[in-house]
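Next come the chains, spelled out residue by residue.
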Amino acid sequence: MHIQTSPIREPEILVSDVESDKLLSLANGALARAPELAEDLIEEIERATVVADSELPTSVVRMGSEVAFETDDGRRRRRVTLVYPGEADIAQDRISVLTPIGTALIGLSAGQSITWVTRDGREQLLTVLAVEQPAVPA
């Protein structure tokens, strides 16, 4: 696993039952072409507490969430939307869950931190500042 636990212990994360199944299916399908990324996502989903979709708090990062976070101990802030790989567009700040930062974000709540490893091997601390859920169509 490339999400590291030091100096911060792996935080408790929550994932909805619906998304858990979809994310495990996505990760298993990606094992052949991106094994490290797929294995990291599988490990995160397997360690998550799975709750009913309707019981997932709005403060938890889920698919479609807009997330404000900081890295580098507060020196860098970003706001992104967590999406499935086919919807990713870095120019529009749409980050795939099947990336190191996307996998680190899934299931975290505002105020939680996790240490993760970038694609170039650097370890960074990521702290979620705010989570906004997408508007539900009426």
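Look a little higher up for the structure.
Values in this document were obtained by computation on a predicted structure and should not be read as measured data. (Residues numbered from 1 in each chain as written. Predicted model: local features only at pLDDT ≥ 70, side-chain atom pairs only at ≥ 80, totals over all residues. Heavy atoms only, no water.)

Asks: Give a description of the nonpolar core that names residues and reports values.
Replies: Grouped together as the largest cluster of nonpolar side chains are 30 residues, with contacts concentrated most on L23, L41, V97, L105 and L126. Every element with two or more residues in this core is listed here: α1 (17-30), α2 (35-47), β3 (66-71), β4 (76-83), α3 (100-105), β6 (113-117) and β7 (123-132). Dropping the residues within four chain positions of it, L41 is found in contact with L23, L26, A27, V97, L98, T103 and I106. (Core = buried A, V, L, I, M, F, W, Y, C linked by side-chain atoms within 4.5 Å. Buried < 20%, exposed > 50% of the residue type's maximum accessible area, 1.4 Å probe, protein only. Helix = DSSP H or I, 4+ residues; strand = E, 2+ residues; numbered from the N terminus. Contact = heavy atoms within 4.5 Å.)

Asks: Which residues make up the pairing of β7, and what values go with them?
Replies: Note: β3 against β7, 6 bridges, orientation antiparallel. Counterpart to V67 in the pairing with β7 is V131. As paired elements, β6 and β7 share 5 bridges and run antiparallel to each other. Across the sheet, residue W116 finds its bridge partner in β7, namely Q124. The turn linking β6 back onto β7 is made up of 5 residues, and G121 within it adopts a positive phi angle of 90°. (Pairing = 2+ DSSP bridges.)

Asks: Break down α1 for me, citing the residues and quoting the values.
Replies: In a regular helix each residue adds 1.5 Å, so 14 residues correspond to 20 Å; α1 covers 20 Å between its end C-alpha atoms and thus fits that length. Taken together, the buried positions of α1 are occupied by E19, S20, L23, L26, A27 and A30. Buried residues of α1, viewed axially, fall in a sector of 135°; they line one side. Among the exposed residues of α1, those pointing more than 90 degrees away from its buried face are D21 and S25. (Expected span 1.5 Å × (residues − 1). Arc of directions from axis to C-beta.)

Asks: Can you break down the layout of surface pockets residue by residue, with the values?
Replies: Here the largest pocket defines a volume of roughly 280 Å³. In this structure, the largest pocket is lined by 15 residues; those nearest its centre are R78, P100, I101, W116 and R119. Its residues assigned to classes, the lining of the largest pocket shows 6 nonpolar, 5 polar and 4 charged. (1 Å grid on protein atoms, 1.4 Å probe; cavity = no way out; pocket = protein on both sides within 12 Å on 5 of 7 lines; lining within 4 Å. Points joined across faces, edges and corners; volume = space filled by probe spheres on them. Nonpolar A, V, L, I, M, F, W, Y, C, P; charged D, E, K, R; others polar.)

Asks: With reference to specific residues and values, describe the environment of R77.
Replies: Mapped onto the elements of the fold, R77 is located in strand β4. Taking C-alpha positions, R77 is 9.8 Å from V128, a pair spaced 51 residues apart along the chain. Beyond its immediate stretch of four places on either side in the chain, R77 contacts F69, E70 and L129. At 3.2 Å, the side chain of R77 forms a polar contact with the side chain of E70. (Polar contact = N/O pair within 3.5 Å; in protein donor to acceptor, adjacent residues only side chain to side chain.)

Asks: So what's going on with the pattern of salt bridges? Residues and values would help.
Replies: For the structure on display, the rule yields 9 salt bridges. Linking R62 and D53 is a salt bridge whose minimum nitrogen-to-oxygen distance equals 2.3 Å. In this structure, R79 and E66 form a salt bridge, with 3.0 Å as the shortest nitrogen-oxygen distance. With R79 in strand β4 and E66 in strand β3, the pair connects residues that are 13 residues apart, well separated along the chain. (Salt bridge = Lys/Arg side-chain N within 4 Å of Asp/Glu carboxyl O.)

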